[in-house]
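What the coordinates show
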Amino acid sequence: MPRNKSGSANGGVIGKTNKASFGKDTITTKTSSGNLTLQPGTREISTTIVSGGGGGSFNGGGGGAGGMKTIENLPVSGPTVPITIGGGGAGGTVCSPRNACAGSPSAITTSCGLQSTSGGGIGGCSAAPGRVGGSGGGAGGSNACGSQTGGAAICGEGNPGGAVSQPQASAGGGGKGAVGGTGGAPTVAATGTGGNGGNGAASPLNSTTYAGGGGGGNWNGGSPAPSTQPCGGSGGGGKGSSTSDNATAGGTNQGGGGGGGRAGNGGGGAAGGSGIVVVKELSKASGVWSMQSQFQAKQQGTWPRFITSYTVDYLVV
């Protein structure tokens, strides 16, 4: 009869070899780059990674939210994991170049290698399409040109930016939870409205919403026109119809896209928000522990301690 070799690594016990994680289910949010120190005994984590949002453009579209993804059950080795927090892209200005900047990626390095997301896309300048990113930037509006596309999103990390199908309108940047809003048609002469930024989405690790797109800028002149466009999740609001209506930035450490600048006579876009990394250390022990892993855990002081002294009443016959 052939020998069953599957149990040899488990001290003769047939079953799954498992290097157990004895860290408690602890959730940590990292808002700046550096090493995260894990609990002794943590061998497995889950993580949500959010990158920096893209900047809103001069005269146009809202910035796309930073890429966002959650990865479950990642093996880790050693007491620390390096983390990089991506910065938000700068907003576009009246000066040349008028376009804004893309957000920077965030990343975490584990035993499986580098896990990262892409920075948010730039909102389109006047009469220009949005740019590709974790979520895409919204298209920029123009009095003369009424059709532009939103920026595409990186697969699985967000949604595209909004398109423009009407003159005098700018679109919102995409968010993790939804596509950026399309710029609205003019209600009266030269009063096109900016599209809403796409909604963000909640991390399953801490139920906090991140990565909302920035709102598109309003067209200059006329009324009525709101001072800022609503934004989805943690994205910034688009610039309004007067010079005093400032575009707002994406949420800091939320990966939000920046609001687009006022269209028409022009206005500066706002910056995207910086990213964040959420880490949950898992206390998980599925399968069968090998004798070797038990011995190693005992040596390292990470094997669970059980009650060794207790009082009982018993009768011997």
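Preceding this section is the structure that the text describes.
Residues numbered from 1 in each chain as written. Predicted model: local features only at pLDDT ≥ 70, side-chain atom pairs only at ≥ 80, totals over all residues. Heavy atoms only, no water.

Notes on the overall build of the chain
In terms of helices and strands, the chain carries one helix and ten strands. Within the chain, the proportion of its 317 residues that are buried is 49%. Pairs at least 24 apart in sequence give 57% of the contacts found in the chain among residues at least 6 apart. Carbon and sulfur atoms make up 53% of the accessible area of the chain, which totals about 13800 Å². (Helix = DSSP H or I, 4+ residues; strand = E, 2+ residues; numbered from the N terminus. Buried < 20%, exposed > 50% of the residue type's maximum accessible area, 1.4 Å probe, protein only. Contact = heavy atoms within 4.5 Å. Areas by Shrake-Rupley, 256 points an atom, 1.4 Å probe, with all protein chains shown as cover.)

Side note on the environment of G66
Secondary-structure assignment places G66 in the loop between β3 (44-50) and β4 (68-75). G66 sits 188 residues away from Q254 along the chain, and the two C-alpha atoms are 8.5 Å apart. Once residues within four sequence positions are removed from consideration, G66 is found in contact with S51, G52, G53, S118, G119, G120, G134, E157, A211 and G255.

Looking at the pairing of strand β7 (residues 113-116)
If a strand is regular, its side chains alternate between the two faces of the sheet. Here strand β6 (residues 107-110) pairs with β7 via four bridges, running antiparallel. Note on β7: the bridge partner recorded for T110 is G113. Linkage of β6 to β7, two consecutive antiparallel strands, is achieved through a turn of two residues. (Pairing = 2+ DSSP bridges.)

Brief notes about unusual backbone geometry
Not every positive phi belongs to a glycine, and N73 is a case in point at roughly 55°. Within the secondary structure, N73 sits in strand β4. When its relative accessible area of 35% is taken as the criterion, N73 is described as partly exposed. Even without being a glycine, N253 presents a positive backbone phi close to 55°.

As for the environment of G151
Mapped onto the fold, G151 is located in the loop between β7 and β8 (201-202). Remark: the alpha-carbon pair of G151 and V132, spanning 19 residues in sequence, is separated by 4.6 Å. Excluding its chain neighbours within four sequence positions, the residues that come into contact with G151 are G130, R131, V132, G136, G137, P160 and G161.

Things to note about the sheet that holds β6
Pairing is antiparallel in the open sheet, where four strands are placed in the order β2-β5-β6-β7. Of all strands in the sheet, those bounded by a partner on one side alone are β2 (34-37) and β7. Put simply, the sheet's adjacent strands are angled 30° from each other on average, direction ignored. Relative to β6, strand β5 (residues 80-84) runs antiparallel, the two sharing two bridges. Following the sheet pairing, T84 is matched in β6 by A107. (Axes fitted to C-alpha atoms, helices over the stretch in contact; angles between N-to-C directions.)

Overview of the nonpolar core
One finds L36, I45, V81, I83, I108, V277 and V279 to be the most contacted residues of the largest nonpolar core, which totals 13 residues. In this view, V81 contacts G34, N35, L36, L38, V76, I108 and T109; residues no more than four positions away in its chain are not counted. If you look at the next biggest cluster of nonpolar residues, it comprises eight residues, including M68, L205, A211 and I276. (Core = buried A, V, L, I, M, F, W, Y, C linked by side-chain atoms within 4.5 Å.)

Focus on the pattern of salt bridges
A full pass over the atoms with the stated rule returns one salt bridge. Between K69 and E157 there is a salt bridge, and its shortest N-O distance comes to 3.9 Å. One end of the pair, K69, is in strand β4; the other, E157, is in the loop between β7 and β8, with 88 residues separating them in the sequence. (Salt bridge = Lys/Arg side-chain N within 4 Å of Asp/Glu carboxyl O.)

Details of the side chain of Q115
Counting through the fold element by element, Q115 comes out in strand β7. Non-local contacts of Q115, meaning those with residues more than four positions away in its chain, are made with I49, I71, L74, S106, A107, I108 and T110.

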